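Okay, here's what each chain looks like letter by letter:
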Amino acid sequence: MKPPILITIMSTVISGTIMVLMSSHWLTIWIGFEMNMLAVIPILMKNFNPRATEASTKYFLTQATASMLLMLGIITNLLLTGQWTALSTPNPIASNMMTVALAMKLGLSPFHFWVPEVTQGISLSSGMILLTWQKIAPLSILYQISPSTNPNLLTIMAIMSILTGGWGGLNQTQLRKIMAYSSIAHMGWMVAVTTYNPTLMTLNLMIYIMMTLGTFMLFMLNSSTTTLSLSNMWNKSPLIASLVLTIMLSLGGLPPLSGFIPKWMIIHELTKNDMIIMPVFMAMTALLNLFFYMRLTYTTALTMFPSTNITKMKWQFENTKTMTLLPPLIVISTMMLPLTPMMLTIS
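Sequence order as written defines the numbering, with residues in each chain counted from 1. Given that the model is predicted, a residue must reach a pLDDT of at least 70 before its local features are reported, and side-chain atom pairs must reach 80 or more before they are shown or counted; all residues, however, enter totals for whole chains, interfaces and linings. Each side-chain value is derived from all of the structure's non-hydrogen atoms; neither hydrogens nor water enter the calculation.

Trainee: Could you give an account of helix H13 (residues 238-251), with specific residues and numbers?
Mentor: Under the scheme used here, helices are H or I runs from DSSP no shorter than 4 residues and strands are E runs no shorter than 2 residues, and both carry numbers assigned from the N terminus. A helix is expected to span 1.5 Å multiplied by its residue count minus one. The end-to-end C-alpha distance of H13, which contains 14 residues, comes to 20 Å, matching closely the 20 Å that a straight helix rising 1.5 Å per residue would cover. Buried within H13 are the following residues: Ile 240, Ala 241, Val 244, Ile 247, Met 248, Leu 249, Ser 250 and Leu 251. Any two residues having at least one pair of non-hydrogen atoms within 4.5 Å are treated as being in contact. Against helix H9 (175-194), helix H10 (198-222), helix H12 (233-236), helix H14 (260-272), helix H15 (277-301) and helix H16 (326-334) lie the buried residues of H13. After H13 finishes, the residue Gly 253 shows a positive phi value of roughly 85°. Residue exposure (1.4 Å probe, protein chains only): buried if accessible area is under 20% of the type maximum, exposed if over 50%, otherwise partly exposed.

Trainee: With reference to specific residues and values, describe the packing of H10 against H16.
Mentor: Here an angle of 0 to 180 degrees is reported between the N-to-C directions of two axes, which are lines fitted to C-alpha atoms, with helices fitted over the stretch in contact. Packing of H10 against H16 leaves a shortest axis separation of 9 Å and a crossing angle of 135°. Of the possible angle classes, the one that applies to H10 and H16 is oblique. Once H10 is placed against H16, the crossing between them reads as left-handed. Contacts from Met 210, Met 211, Leu 213, Gly 214, Met 217, Leu 218 and Leu 221 in H10 reach Leu 326, Leu 329, Ile 330, Ile 332 and Ser 333 in H16. Gly is placed with the polar residues, together with every amino acid not listed as nonpolar (Ala, Val, Leu, Ile, Met, Phe, Trp, Tyr, Cys and Pro) or charged (Asp, Glu, Lys and Arg). When grouped by side-chain class, the residues that make up the contact of H10 with H16 number 10 nonpolar, two polar and no charged. For classification, angles of less than 35 degrees are called roughly parallel, those exceeding 145 degrees roughly antiparallel, those between 65 and 115 degrees roughly perpendicular, and all remaining angles oblique. Two helices that cross are described as forming a left-handed crossing if the nearer one is turned anticlockwise from the farther one by less than a right angle, and a right-handed crossing if clockwise.

Trainee: Explain the packing of aromatic side chains to me, and be specific about the residues and the numbers.
Mentor: In this scheme Phe, Tyr and Trp rings, the latter by its six-membered ring, pair at centre separations within 6.5 Å, and the angle between planes marks the pair as stacked below 30 degrees, edge-to-face above 60, and tilted otherwise. Under the criterion given, the structure shown has three aromatic pairs. Taking the centre distance of 5.6 Å and the plane angle of 65° together, the rings of Tyr 59 and Trp 114 count as edge-to-face. Taken together, the residues Tyr 59 in helix H3 (residues 50-81) and Trp 114 in helix H5 (residues 114-121) connect sequence positions 55 residues apart. Taking the relative accessible area as the measure of exposure, Trp 114 reaches 7% and is therefore buried. Charge-over-ring contacts are defined here by two conditions on Lys NZ or Arg CZ: a distance within 6 Å of the ring centre and an angle within 35 degrees of the ring normal. A cation over an aromatic ring shows up here: Lys 263 above the ring of Trp 189, its NZ or CZ 5.2 Å from the ring centre.

Trainee: Could you give an account of the pattern of salt bridges, naming the residues involved and the relevant values?
Mentor: Any two side chains of opposite charge can pair if their charged atoms end up close together. Here, a salt bridge means any side-chain nitrogen of Lys or Arg that lies within 4 Å of a carboxyl oxygen of Asp or Glu. Under the counting rule described, the total for this entry stands at four salt bridges. In this structure, Glu 54 engages Lys 58 in a salt bridge whose closest nitrogen and oxygen atoms are separated by 2.9 Å. Within this pair, Glu 54 and its partner Lys 58 are both found in helix H3, separated by four residues, close to a single helical turn. By relative accessible area, Glu 54 is classed as partly exposed at 43%. Judged by its relative accessible area of 28%, Lys 58 falls in the partly exposed class.

Trainee: Go over unusual backbone geometry with me, naming the residues and quoting the values.
Mentor: Residue Pro 110 follows Ser 109 across a cis peptide bond; omega there is 5°. By the element assignment, Pro 110 lies in the loop between helix H4 (92-106) and H5. For the bond running from Pro 255 to Pro 256, omega is 5°, close enough to zero to count as cis. One non-glycine residue, Ser 223, adopts positive backbone phi at about 55°. Here Ser 223 is to be found in the loop between H10 and helix H11 (227-231). The partly exposed category is assigned to Ser 223, whose relative accessible area is 47%. Phi is positive for Asp 274, close to 60°, though the residue is something other than glycine. Turning to its location among the elements, Asp 274 is positioned in the loop between H14 and H15.

Printed below as a string of structure tokens:
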């Protein structure tokens, strides 16, 4: 894609999200979602091939359905309350419709089927945008309508998402699908705490975005898309392999890494609200995620690709890719645990 076209499309995607974040009128929020959706499709189709076209079509159809549901919720709210403003509490019926629409946009279970398929069909850089930036706008609206959302609906979707994210990633060998199921599980954790402490959801989103950006950048640095290509990494660049290992364990929520912070704080918040069974179930289901991260870790760091001795070492070509933000992202993704008291103060 030529730079002027890419700059135009990316600025439209960013301005669409900012429009959703800053608007207090439901119509401009809906327009922001539409701008964002229509501008992101050419980014998904950057590598023009049948799989990317199929993935973009699936993404468009799902997001268009979600947008129609969102508009139905907005119009229902207008008919029942007589106002367009997003600052007032929406009607419960309209709020449920909006919640379902936002769940479709986020890829929460049972509306998660498009996430692995779309992520697998597009390039690593497009997948990184899809699983990080595209989550900001829907979660911001969910944050706004959180006082009027149905806690039971959110709880059911959260539990289903965490379970789907854990079970779905177990048999995967494609890294993009593993990241997609990881995203579904993380969205479940965020939605679980939305009713009780929406600020904690924002904190979780920030840490999740940092970890996912770091992981995707490491994959892009080595052009790794499968477990097989990841198994060659230890021979080629041990340091990068160690960093992939560490960030994967952080994504799984293993202490003392950064990924443990949101899980710890969410379990603490749910326990404070007299919910015992749900956080226990969530913590147990998180072990499924940790299992497939551990499997990737084992493949990366503790195995060597079975081949003849003369091909064990790859030729050391000079890496021409520049990942400027990678070092700070790796530090944030792994070493933020000492800052937990400060984050508890904020939330």
